[in-house]
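# What the coordinates show
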Amino acid sequence: GRVIFHEGLVGCVRDLIGDSIQWHHSVLHAKPPEQGTPFPMHQDYPFYPHDGPDFVDCLLHLDDAPAESGALRVVPGSHKGGPIHHVLGPDTAPHLPMEEYHPERLESVEIPAKKGDVTFFSYLAVHWSNVNRTNEWRKAVRFGFHSTQMRPVGRAADDPNRIDYENILERN
């Protein structure tokens with residue numbers, strides 16, 4: 001709770017999306033050393049879709065995140081385009097179609113970080129990360145905040161692997 005409600009963190013979120021904010025989630029990210037595959041280009045939107053753009057992810061780095069550790073990479077300006085259709089399914093994490101959204105086809109900017117840094121980005125920003133090529137774990141905690149005016153968006157009644165942008169749900 002001390003981090004989620006830390007005035008420095010909350011103040012930055014308010015500067016980005018306005019004064020009326022709500023904490024949505026916390027997730028630990030851990031990239032093991034010299035293992036795994038890159039996480040493909042995606043937006044965080046399909047993981048927790050809402051009916052507006054005022055959703056900020058805050059990545060608190062628990063370790064240094066140099067380029068060789070598979071540091072976060074972001075496609076500049078991509079947050080301005082709104083939600084993009086993702087590949088969704090029971091056996092895959094949401095990701096963008098690789099024919100169009102691939103590191104060899106789209107320019108992305110690397111966001112290296114030091115332990116203790118916080119990276120703020122829109123859940124509409126297209127981002128990805130490469131394999132951790134170091135012999136150290138790379139860990140970070142992601143905190144998500146959104147405007148209290150936003151409502152969750154549900155899946156399609158006929159296809160649970162499709163987000164139905166018209167299916168605005170009531171908040172609990």
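In what follows, the structure referred to is the one given above.
Residues numbered from 1 in each chain as written. Predicted model: local features only at pLDDT ≥ 70, side-chain atom pairs only at ≥ 80, totals over all residues. Heavy atoms only, no water.

This part is about the overall build of the protein chain. Of regular secondary structure, the protein chain possesses 1 helix and 12 strands. In the protein chain, the succession of α and β elements from N to C terminus is α-β-β-β-β-β-β-β-β-β-β-β-β. The globule rule puts the C-alpha radius of gyration for 172 residues at 16 Å, and the 16 Å found for the protein chain is close to it. With the C-alpha coordinates aligned to their principal axes, the bounding extent of the protein chain is approximately 45 × 40 × 25 Å. (Helix = DSSP H or I, 4+ residues; strand = E, 2+ residues; numbered from the N terminus. Rg over C-alpha atoms; globule rule 2.2 N^0.38 Å.)

Right, let's talk about helix 1 (residues 7-17) for a bit. Residues spaced three or four apart along an α-helix face the same direction, because each turn holds 3.6 residues. Of the residues making up helix 1, those classed as buried are Leu9, Val10, Gly11, Val13 and Ile17. Among the residues trailing helix 1, Gly18 stands out with phi positive, at a value near 110°. (Buried < 20%, exposed > 50% of the residue type's maximum accessible area, 1.4 Å probe, protein only.)

On a regular strand, one side chain projects to one face of the sheet and the next to the other, so that they alternate. Of the pairings in the sheet, the one linking strand 11 (residues 153-156) to strand 12 (residues 159-168) comprises 3 bridges and is antiparallel in character. Residue pairing across strands places Arg155 opposite Ile163, the latter belonging to strand 12. (Pairing = 2+ DSSP bridges.)

If you add up the space inside the largest pocket, you get close to 420 Å³. Lining of the largest pocket is provided by 18 residues; of these, His29, Phe39, His42, Ser129 and Arg142 occupy positions nearest its centre. Among the secondary structure elements, those contributing two or more residues to the lining of the largest pocket are strand 1 (21-31), strand 2 (39-42), strand 3 (55-61), strand 9 (127-129) and strand 10 (138-147). Counted by class, the lining of the largest pocket contains 8 nonpolar, 6 polar and 4 charged residues. Computed from the structure, the second largest pocket encloses a volume of approximately 160 Å³. Lining the second largest pocket are Leu16, Ile17, Pro53, Phe55, Val56, His79, Phe120, Phe121, Ser122 and Leu124. For the lining of the second largest pocket, the elements supplying multiple residues, two or more each, are helix 1, strand 3 and strand 8 (118-122). Ranked by residues supplied to the lining of the second largest pocket, first place goes to strand 8 with 3 residues. Looking at the lining of the second largest pocket residue by residue, the class counts come to 8 nonpolar, 2 polar and no charged. (1 Å grid on protein atoms, 1.4 Å probe; cavity = no way out; pocket = protein on both sides within 12 Å on 5 of 7 lines; lining within 4 Å. Points joined across faces, edges and corners; volume = space filled by probe spheres on them. Nonpolar A, V, L, I, M, F, W, Y, C, P; charged D, E, K, R; others polar.)

Moving on, we come to the sheet that holds strand 2. Within a sheet, adjacent strands bond to each other through the backbone by hydrogen bonds, running parallel or antiparallel. On the basis of which strands lie adjacent, the open sheet formed by 4 strands has the order 2-9-4-7 and antiparallel pairing. Looking along the sheet, the strands with just one partner apiece sit at the ends: strand 2 and strand 7 (109-110). Two strands pair when backbone bridges link them, and strand 4 (residues 72-74) and strand 9 are joined in this way by 3 bridges, in the antiparallel orientation. Bridging across to strand 9, Val74 finds its partner in His127.

One open sheet accounts for 4 strands, arranged 1-10-3-8; its pairing is antiparallel. For this open sheet the edge positions go to strand 1 and strand 8, each flanked by a neighbour on one side alone. Ignoring strand direction, the axes of neighbouring strands in this sheet form an average angle of 20°. By the bridge criterion, 10 bridges tie strand 1 to strand 10 in an arrangement that is antiparallel. If you follow Val27 over to strand 10, its bridge partner there is Arg142. Seen against the sheet, helix 1 touches strand 1, strand 3, strand 8 and strand 10 and runs at an angle of roughly 50° to strand 10. (Axes fitted to C-alpha atoms, helices over the stretch in contact; angles between N-to-C directions. Contact = heavy atoms within 4.5 Å.)

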